[in-house]
Every structure is written in structure tokens, then in C-alpha cells.
There are 2 protein chains.
Amino acid sequence: MPDTAIANQFDEVPTFDDILHAADRLRGWATETPLLEYAALNELVGGRVLLKAESLQRTGSFKFRGAFNRIVQLPEAQRKNGVVAFSSGNHAQGVAAAAAILNLPAVIVMPRDAPKIKVRNTKAYGAEVILYDRLSDSREEIGDRICRERGATLVRPYDDGGIIAGQGTCGLEIAHQAEALGARPDTLLVCCGGGGLTAGCAIALERTLPGATVMTVEPIDYDDTRRSLEAGQILRNDASSASICDALLAPQPGSLTFAANKSLVSGGLAVADQEVKAAMAYAFRVLKLVLEPGGAVCLAAVLAGKIDCAGRTVALTLSGGNVDPDLYRTVLQDQA
Amino acid sequence: MPDTAIANQFDEVPTFDDILHAADRLRGWATETPLLEYAALNELVGGRVLLKAESLQRTGSFKFRGAFNRIVQLPEAQRKNGVVAFSSGNHAQGVAAAAAILNLPAVIVMPRDAPKIKVRNTKAYGAEVILYDRLSDSREEIGDRICRERGATLVRPYDDGGIIAGQGTCGLEIAHQAEALGARPDTLLVCCGGGGLTAGCAIALERTLPGATVMTVEPIDYDDTRRSLEAGQILRNDASSASICDALLAPQPGSLTFAANKSLVSGGLAVADQEVKAAMAYAFRVLKLVLEPGGAVCLAAVLAGKIDCAGRTVALTLSGGNVDPDLYRTVLQDQA
């Protein structure tokens, strides 16, 4: 049964070779986003900070990498029935854009309170959007029903080998681009929700930058990966938690992502909403970049001094830039 | 008299070799800013648009290139007396940052109504800032007086061979980076004030992308270069003109820059303030980049359909990102 074999393949942690294959599939489709360096930021921290600007990626976040790498591997027989995803927005856009390129239908189940820009963009890529209520509806039930009714394939946001391998191409690029800049990062900070980008980058760096430390950065009340790494087992976030970082609100680490991260990731940092807002304002004023809250957590950790960069070379991900202008306007006003 | 010989050298249009030498001087100091490409923008215009993001340059605009290249060539005897510049802000920051790196004093004469972020940043680089009133004071007289009193060297914003050669390194990078992307631009659009960036890039492209068309983009009421190119002689802007593009308000083309541009530049485009604001909002929402008004004029020309990009490869400069957050907040609100 070839379909089952393929399904199983994605139930495993990807290898370094899987990431190389993903890079081949993504060539010409994903953007090789720049690894940016700013004299002003280096001077501020007394070290070298290299910023992987995935905010400049197709669809405005790294999520396109994993989505395209996963969907392009769908067997022909499954393609016509399309794909289903649930997401607050960045995975939604990644799946919608990849499906549009590959010419297959996509249904995205999004919370009614997702950022407007993410809902609008997802629809603009041609996907059918079904909104649900976070408190009263189950997105899993809605997704399951659509998969059953239409024979569609569920594209999970992070707990999938094809997704993790796709996100790992971001790590490959960081290693190559740092070398081109004459830099060797000793640490990589990764914006962490479910842990897919972290796992992919950690697997890529184990081979391309051996010895480098990989750390996650999460919102303070959504630091499930930090606590899980410390405890050596998967821990959930408190259901009553809240954060401005809509992209990083996964309830707990994925099984696959945690299986990879527990051996490859050294630990995690956590930042407060106020530190994230300060980082967004700094990105606007000094870096001239638009970052969404979840895309600014690593920068926030550096600016808030949660990691000492003095005399070191620290690479970090700026994972996305899909933010409602109204929120940015408020942030800029508050941080004036 | 070596000093006179050096002074004369900067009174000539630079050669392609001067730009190569400038690139050597700038290596390790200026940022090789990325040449960005977005699937969404390409699809919108039906062609390929390559964006040279000088907004990500040290000091937030391309001006650092020329300033550093000019100041680093000051003879030892002149260095201790420092440099003087007048500028609404981007040249000011470029000169201030270059002087700080080279450890010599800088005085910057700025209009009292310059964007606050530009005044603040110029001071932060350690320069002495003297504010003048656009209507009642003569910035030239103030600058001359300081040069006489202190024996300082005036660093002109564009009409100087060292400045033009420095800005030309931007053109060199565009040619190399386009090649790395597998693209060959048939047209380059350049944000144009006094014409220094245009002249430098045109000289660089004549050799590196022979046959490519270079065009300027200016604000509608500051289209002196467009009109001068058409007339074959230097024409001034109306003194009563106004534009949101504070970086592009030169009264007329420079003598050196026009001497270069009249033979190398095909013509000019002009954009309205409203088109510039729409481009700034597009940059925020789709490109995830912060652009100042003057840095957004080429993008505005493309988005407003002033140039047909269908089936073509058009490179353009995003020349700066030094914009007051309050202005951006207003633009985002108006363009919502």
C-alpha cells in the first residue's frame, strides 16, 4: 500500500538528508531569505547578531517551506481531494499558497479571532476558509469532518516529518549564509510554537554547524517547550494563558518535534508581551523590518538581555511579519 | 600641492574603476544589502521585480556608502578639523556615522523641520547638529562659516566624485546579485534627489549590465532631473513645490551628477504623494519592509503602473527607511 507507506514516512523525525531533499523541492518556490546584520545591533549587544528574516519569506513567514515540502509529496490519487489545515494564520497561508501553486483545493479552519490580515491573505491565495469559535467549537472535529466528507488530507502544522524537513531548510540557509558572511554562530535562537522550525533547524545545524547551541524562545505563559525540555517530558500550557504572540500559542510540544528537540536543543528562553512589543518597535525604528509578535520573540530575548551576546555570534530567526497594521500602530504609539 | 590634487579629483565624474575602488574601501563597513524578490509583487505586475533594499543599509539609507568613501579619502592633515555637511537627514546620518567610525568630528546643518528620527539618529552617531530655519537662514552660509572657522571639509551630498563613486557600489551589487538570482534586469529605476545614486548606479551598470535602461523616479513637483534630461539642460524646481519625500527635495540636479546622467539615463518618472503613501502601505503589508517616502518612489511608480513591468525584469532601489513612526501610523490608517 504505497499511500500508507508515505503516510508513515511523515510520522517520523526527518533526517538531515530529508532536509536536503526538501531544499531541492523548494528551490525556485521558496525565497532564500537574507541573513541580515546591523552594525547598530552588534554595537548594542557587544557581539554579532545574525537575523534570518523569514518575515520576507513567501506568505510572510517560514511556514511556506514546510507546507510546500509536505503537499508536493502528496501521491497523485490524494491530490484531487485537496488538503485541510487548521491554523491561526501562518500555516494557513503557507498551506493555501502551496496548494494554489500545486493546483489543488485547500480548506483552512481558522479561529474567528485570528489577525484580519492572515484571514484575508489566506482567502486571497484561493483557499476556502472556515471560521470557528475558540471557546465553543473543536477545530479538530471540523477538520476531521471535512477530511472524511471530501477525502482530503490533513496537513498538520508541525508534528509531521515533511513539515519539519521543510522548516529545516531555513537552518541550512543560516549555516551557508553565515559562512558567506565570515561568521560562525555559536548559538541559534528559534521562535517556538509547536517546535517544527526548532526541530528542523536543530537537525540541519547538527550537521552544518556542529557544536552550536540551539535554544527556543517562547512567550512567558506559553513556554511549554522550555519547561518540557527541563522536565524531560511533554508538559502542557495552562489553558487560561494569554499572549500577544498569536503564532506561538500551541498547547504543548508535538510528539515528533519534542522527540527531536529533547536531544538537540539545549534549553529555552521566555519573553513577556511588553518585551515583544519593544522588539517590534526596535525592528521598525532600527532594523526597518515589520515583524509580527511571534516573529519578534528571539529579538526580544536579545534586546531584553535574556541571553548575553557579548563577544559571541548569535543567529536568530525573525519567523514572520503578518501583523495587522492597527496592532503595529498601537505598538509604535506605546513605545514612542 | 597634494591637497588640491585630491580636491580636484572629487570635482570630476567618477569612472567605473573609481566605483570598484570604493567597493574595496566599503568592504566590512557598508552592508551588502539584499536584492529581494517577492512572488506576490511579481504576480501583481506580471514580470520580475528585484528590490535593492538600501533601507537595510547602515544608517538606514544608501547615503553611508558615499559618505564613507569620501571621508576615508580625506588627507591626514584635514582629518583633525573634521567634516561639515548639510542635509535633511540621510546624508547627515551617513556622514555622522562615517566620521564616527573614522574618529573625526562632524558638524551637521539640518533644517528645523527635518524628521525627528533623522535628527535624533544623527546626534546619536556623535555629530554636532546645528538646526536652521528653511525660510530665513542660508544653510550654505552656516556651512561656509563653520568650514572657515574650524578648517573643516565640506562633504557635499551628491555633487562630488567620491560621493557618486560610493553610491555606485549599490549598482555593482545589484548587477552581481541579479546574476546570482538568475535574472538580468532590462531596466533599473532609481530614487532621485540630487542624482548621486542615479549617476553612481548608471556608471556601474554601463559596464556590468550593458544595454540596461536606467530611469529616475522623483516626486511630481520635484521632477527636476526628469525635466532636465528632457530639456538637455539643468532646470530648477519651483521654489513653492512641496512633497512628502523629504529626502528628495534637491532644488536642481547637480553639475557632476547631471553631466553623468544626461548621457547614461534614459528618462524619468514622477509620482504623486498619494502614490508614495500607497507604496509605503504596500511595503508594510506585503513586503514587510519599513520605507520612508523618498525610499518608496520607485515602488510607487511600479504599483501605480507608471512603468509596464509585464514580461520584463525591473530592478529598483528602496533607498531608505528613516521615517517617523507617527507618519507611518498615519499612512497605514489612511490606506487601511
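The rules behind these values
- Residues numbered from 1 in each chain as written.
- Chains lettered and ligands numbered in written order.
- Predicted model: local features only at pLDDT ≥ 70, side-chain atom pairs only at ≥ 80, totals over all residues.
- Heavy atoms only, no water.
- Buried < 20%, exposed > 50% of the residue type's maximum accessible area, 1.4 Å probe, protein only.
- Helix = DSSP H or I, 4+ residues; strand = E, 2+ residues; numbered from the N terminus.
- Pairing = 2+ DSSP bridges.
- Right-handed = clockwise from strand over helix to strand, strands pointing away.
- Contact = heavy atoms within 4.5 Å.
- Buried area = accessible area lost by both parts, 1.4 Å probe.
- Salt bridge = Lys/Arg side-chain N within 4 Å of Asp/Glu carboxyl O.
- Polar contact = N/O pair within 3.5 Å; in protein donor to acceptor, adjacent residues only side chain to side chain.
- Axes fitted to C-alpha atoms, helices over the stretch in contact; angles between N-to-C directions.
- Least-squares fit on C-alpha atoms with pLDDT ≥ 70 in both.

Quick word on the pairing of strand E8 (residues 213-219) of chain B
All names here are of chain B. Within E8, six of the seven residues are buried, which leaves the element mostly enclosed by the surrounding structure. Strand direction decides the pairing type here: strand E7 (residues 187-191) and E8, joined by five bridges, are parallel. When the sheet's bridge partners are listed, Val190 is paired in E8 with Thr216. Each parallel crossover has a hand, and for E7 linked through helix H10 (residues 196-208) to E8 it is right-handed. Where E8 meets strand E9 (residues 267-271), five bridges bridge the pair, whose relative direction is parallel. Looking across to E9, one finds that Glu218 is bridged to Ala270.

Digging into the interface of chain A and chain B
At the junction of the two partners, chain A supplies 26 residues and chain B supplies 26 residues. Between chain A and chain B the total buried area reaches about 2200 Å² when both faces are included, carbon and sulfur atoms providing 67% of it. Of all residues in chain A, Phe284, Lys288 and Arg329 of chain A bury the most surface against chain B, accounting for 33% of the area lost on that side. Viewed at the interface, chain B and chain A are joined by two salt bridges. Linking Glu43 of chain B and Arg58 of chain A is a salt bridge whose minimum nitrogen-to-oxygen distance equals 3.6 Å. Linking chain A with chain B are nine residue pairs in polar contact (both at pLDDT 80 or more).

Observations concerning the sheet that holds strand E9 (residues 267-271) of chain A
All names here are of chain A. One open sheet holds the six strands; their spatial order is E1-E2-E10-E7-E8-E9, and the pairing between them is mixed. Of all strands in the sheet, those bounded by a partner on one side alone are strand E1 (35-36) and E9. Relative to strand E10 (residues 313-318), strand E7 (residues 187-191) runs parallel, the two sharing three bridges. Bridging across to E10, Leu189 finds its partner in Leu316.

Here's the deal with the sheet that holds strand E3 (residues 83-86) of chain A
Residue and element names in this part refer to chain A. Reading across the sheet, the four strands line up as E5-E4-E3-E6 and stay open at both edges, with parallel pairing between neighbours. Of all strands in the sheet, those bounded by a partner on one side alone are strand E5 (128-132) and strand E6 (153-154). Where E3 and strand E4 (residues 106-111) come together, four bridges link them in parallel fashion. When the bridges of E4 are listed, Phe86 appears paired with Val109. On top of the sheet, helix H7 (residues 116-124) reaches E4 and E5; it is set at about 170° to E4, its chief contact.

Quick look at unusual backbone geometry
The residue Thr59 of chain A is not glycine, and still its phi comes out positive at about 75°. With respect to the helices, strands and loops of the structure, Thr59 of chain A is situated in the loop between strand E2 (48-53) and helix H4 (63-71). For Asn103 of chain B, which is not glycine, the phi dihedral falls at a positive 65°. Of note, Asn103 of chain B is situated in the loop between helix H6 (90-101) and strand E4 (106-111).

Comments concerning helix H12 (residues 255-264) of chain B
Every buried residue of H12 of chain B is accounted for by Leu256, Thr257, Phe258, Ala260 and Asn261 of chain B. As for H12 of chain B, its buried residues are in contact with helix H9 (161-180), H10 and helix H11 (224-231) of chain B.

Details of the relation of the copies chain A and chain B
Superposing chain A onto chain B takes a rotation of 180° combined with a translation of 0.0 Å along the rotation axis, leaving an RMSD of 0.0 Å. Taken together, the rotation and translation relating the two chain copies correspond to the operation of a two-fold axis. Comparing interface residues between copies, 100% of those in chain A also lie at the interface in chain B; the contact surface is shared.

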